[in-house]
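Coordinates in review
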Amino acid sequence: MITFKPFKAVMPKPELAKDIAALPYDVFNREEAKKETITNSCSFLRIDRAETNFNDEIDIYSNEVYLKASSLLNEWLETEMLIEDSKKAYYLYELGTQTHTQTGFVGLTAVKDLVNGSIKDHEKTRADKLADRIKHIDVCNAHTGPILMFYQDNQILDNLILKIKQLSNPIIDFKSDDTIQHRIFRIVDPNHSEIIATEFEKINALYIADGHHRASAAKSIALTRNNELNDLTKPENLFLSVVFPANQLKIMDYNRVIKDLNGLSGIEFLDLIQSEFDIIQTSIEKIKPEIKGQFSMYYNNLWYLLNYKYRDLLLNSPIDLLDVSIIQNKLLCPILGIQNPATDSRIDFIGGIKGLEALEKRVNEDCIVAFALVATSIEELIDISDGGQLMPPKSTWFEPKLRSGLFIHLIK
């Protein structure tokens, strides 16, 4: 049974929504985030990544940074750049491109469901990133970024999404610079709200797709501030979520670039790869892998298509069978010495939305080799989560991305 509550959302003034809405804080490195806020002084990154308000010498985890985030949030509320809704409500958030549309319910999920396992995660969190979000929530007294989750097979909720969009006009409607259409609907019919609450109570599990650090941070804040997680009158016991039908979500590949060959010569590197992988194709043109167990590699101005030789031996281990596990366990760790991809500075990750040309660009600039993977599937994610296991870091890239700043949950 899932708790899903309406809330008084803090949202941008509609005419400012496009300027305020920002991609999630962790999509950007420091330089990229600073550039965004210089270009657009209304970007929510000024709050989510408040170090952008300072020169580059300041420690991004200093108290001054978090206090600036809090003061800016209060300032934007006072000047009504951001406005708190007058009544509690559920909302719909639709993101659409020319070829894909997904619509999710916006509301508050319960920390108790995260603790008891009804809300399932699938990725490990990094201690430094988790500490950052805990402090950001604590100082701002707000959840400023939603957690993206999904549910399986609920035709009543799926039909309700269609009905609400047919009967309602969006309260916010804009196209972001990356050509994604964002539409927000306030759900005002009490009968529709009752259906939402009732149907979520029937759902056995929600799955976190994106936002693991924000979810873990919300749990930490709730546990620190009180020991009564079942008391849903305490705002810190609920956290901001957008919940989609599983069949609407789109996972893209999440690729790897490496900065050196771990002391190997080029010949040694290729020889070691062929002990575990067959090289089935080479080309100066880009190669995109299409089959599980196959990977493309860009090295020395040449693309290689690699096929892992021993995949059949992994069929009884869902974690080891993942392509992200194969590339880590059979190549990145034993050959290139990447012991912990979550913390090793020699590896970086590039979302598939940027294309294979982004891999070529990084290899030509500051890396030596790149690997492209087949995307993890929703079915794999569910199997791993239901088994109580965690995927390797950077296993999934969901697209399109939710925008931060469109919904805020105050926990004062």
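Residues numbered from 1 in each chain as written. Predicted model: local features only at pLDDT ≥ 70, side-chain atom pairs only at ≥ 80, totals over all residues. Heavy atoms only, no water.

Going from Glu 399 to Pro 400, the amide bond is cis rather than trans, its omega being 0°. Relative to the helices and strands, Pro 400 is located in the loop between β20 (397–398) and β21 (409–410). Of note, Asn 262 is a non-glycine position whose phi angle comes to about 60°, a positive value. Classification of Asn 262 by relative accessible area gives partly exposed; the value is 38%. Positioned with a positive phi, Asn 301 is a non-glycine residue whose angle comes to about 65°. Tracing the chain through its elements places Asn 301 in the loop between β16 (294–299) and β17 (302–308). (Helix = DSSP H or I, 4+ residues; strand = E, 2+ residues; numbered from the N terminus. Buried < 20%, exposed > 50% of the residue type's maximum accessible area, 1.4 Å probe, protein only.)

Where burial is concerned, most of helix α12 (residues 323–332) is hidden: 8 out of the 10 residues are buried. Every buried residue belonging to α12 is among Asp 323, Val 324, Ser 325, Ile 326, Ile 327, Gln 328, Leu 331 and Leu 332, and all of these are buried.

Bringing the pairing of strand β11 (residues 206–210) into the picture now. On a regular strand, one side chain projects to one face of the sheet and the next to the other, so that they alternate. Counting buried positions along β11 gives 5 out of 5 residues, so the element sits mostly inside the fold. Examined bridge by bridge, strand β8 (residues 147–151) and β11 share 3 bridges and lie antiparallel to one another. Counterpart to Leu 148 in the pairing with β11 is Asp 210. (Pairing = 2+ DSSP bridges.)

Taken together, 6 strands build an open sheet; the order of strands is β15-β17-β16-β19-β14-β18 and the sheet is antiparallel. If you trace the sheet from one side to the other, it starts and ends with β15 (277–283) and β18 (347–351), each paired once. For this sheet the average axis-to-axis angle between neighbouring strands, irrespective of direction, equals 25°. Pairing between β16 and strand β19 (residues 369–372): 4 bridges, direction antiparallel. Looking at β19, one finds that Ser 296 is bridged to Ala 372. Contacts from helix α13 (residues 356–365) reach β14 (254–258), β16, β17, β18 and β19 within the one sheet, and its direction differs from that of β19 by about 165°. (Axes fitted to C-alpha atoms, helices over the stretch in contact; angles between N-to-C directions. Contact = heavy atoms within 4.5 Å.)

It is worth spelling out helix α6 (residues 127–140) at this point. One turn of the α-helix equals 3.6 residues, which is why residues spaced by three or four share an orientation. Taking 1.5 Å as the rise per residue, α6 with 14 residues should run 20 Å; its terminal C-alpha atoms sit 20 Å apart, in good agreement. By the burial criterion, the buried members of α6 are Leu 130, Asp 132, Arg 133, His 136, Ile 137 and Cys 140. Along the axis of α6, the buried positions cluster into a sector of 160°, meaning they face one direction only. Against α3 (45–48), α4 (63–78), β7 (142–143) and α9 (212–225) lie the buried residues of α6. (Expected span 1.5 Å × (residues − 1). Arc of directions from axis to C-beta.)

This brings us to the side chain of Arg 49. Counting through the fold element by element, Arg 49 comes out in the loop between α3 and α4. Assessed through its relative accessible area of 10%, Arg 49 is described here as buried. Looking at Arg 49, its side chain comes within polar contact range of the main-chain oxygen of Tyr 25, at 2.7 Å. With near-sequence residues (within four places) excluded, Arg 49 lies in contact with Tyr 25, Phe 28, Asn 29, Arg 30 and Ala 33. (Polar contact = N/O pair within 3.5 Å; in protein donor to acceptor, adjacent residues only side chain to side chain.)

Take the pattern of salt bridges next. Counting across every chain of the model gives 23 salt bridges. Ionic pairing is found between Glu 51 and Arg 49, a salt bridge with its closest N-O pair at 2.6 Å. The shortest N-O distance in the salt bridge between Lys 165 and Glu 94 comes to 2.8 Å. Taken together, the positions of Lys 165 in helix α7 (residues 155–167) and Glu 94 in strand β4 (residues 90–96) put the pair 71 residues apart, joining distant regions of the chain. One exposure class covers both Lys 165 and Glu 94, and it is buried. Among the charged side chains, a salt-bridge network with shared partners connects Asp 48, Asp 132 and Arg 133. (Salt bridge = Lys/Arg side-chain N within 4 Å of Asp/Glu carboxyl O.)

Moving on, we come to the packing of aromatic side chains. A complete count under the given rule lists 16 aromatic pairs for this structure. With a centroid separation of 5.2 Å and 15° between ring planes, the pair formed by Phe 150 and Tyr 207 is classed as stacked. One end of the pair, Phe 150, is in strand β8; the other, Tyr 207, is in strand β11, with 57 residues separating them in the sequence. Taken individually, Phe 150 and Tyr 207 each receive the classification buried, so the pair is uniform in this respect. With centroids separated by 6.1 Å and ring planes inclined at 70°, the aromatic side chains of Tyr 254 and Phe 349 adopt a geometry described as edge-to-face. Taken together, the residues span a long stretch of sequence, with Tyr 254 in strand β14 and Phe 349 in strand β18 at a distance of 95 residues. Overall, the relative accessible area of 15% leaves Phe 349 in the buried class. Here the aromatic cluster, defined as three or more aromatic residues joined through ring pairs, consists of Phe 4, Tyr 90, Phe 105, Tyr 151 and Phe 200. Here the guanidinium or amino end of Arg 133 rests over the ring plane of Tyr 25, the centre of that ring lying 3.8 Å away. Just above the ring of Trp 397 sits the side chain of Lys 401; from NZ or CZ to the centre is 4.1 Å. (Phe/Tyr/Trp six-rings, centres within 6.5 Å; stacked < 30°, edge-to-face > 60°. Lys NZ or Arg CZ within 6 Å of the ring centre and 35° of its normal.)

Here Tyr 66 shows up in helix α4. The sequence separation of Tyr 66 and Thr 282 amounts to 216 residues, and the corresponding C-alpha distance is 49 Å. In contact with Tyr 66, not counting residues within four places along its chain, are Ile 60, Tyr 61, Asp 132, Lys 135, His 136 and Val 139.

Turning next to the side chain of Glu 236. Tracing the sequence through the fold places Glu 236 in the loop between α9 and β12 (238–245). Of the side chains with opposite charge, Arg 225 comes closest to the buried, unpaired Glu 236, at an N-O distance of 5.1 Å. In this structure, Glu 236 is in contact with Val 111, Ala 218, Ile 221, Ala 222, Arg 225, Asn 226 and Ile 411, ignoring residues within four places of it in sequence. (Lys, Arg positive; Asp, Glu negative; His and termini not counted.)

This part is about the nonpolar core. Counting residues in hydrophobic clusters, the biggest one holds 69 residues, and the most contacted among them are Phe 269, Met 297, Leu 331, Leu 336, Phe 371 and Phe 407. A total of 5 residues in this core trace back to one element, the largest contributor, which is α12. Setting aside its immediate chain neighbours within four residues, Phe 269 contacts Leu 261, Leu 264, Met 297, Tyr 299, Ile 335, Leu 336, Val 369 and Phe 371. Within the second largest apolar cluster, 28 residues are counted, among which are Ile 203, Ile 208, Ala 215 and Leu 229. (Core = buried A, V, L, I, M, F, W, Y, C linked by side-chain atoms within 4.5 Å.)

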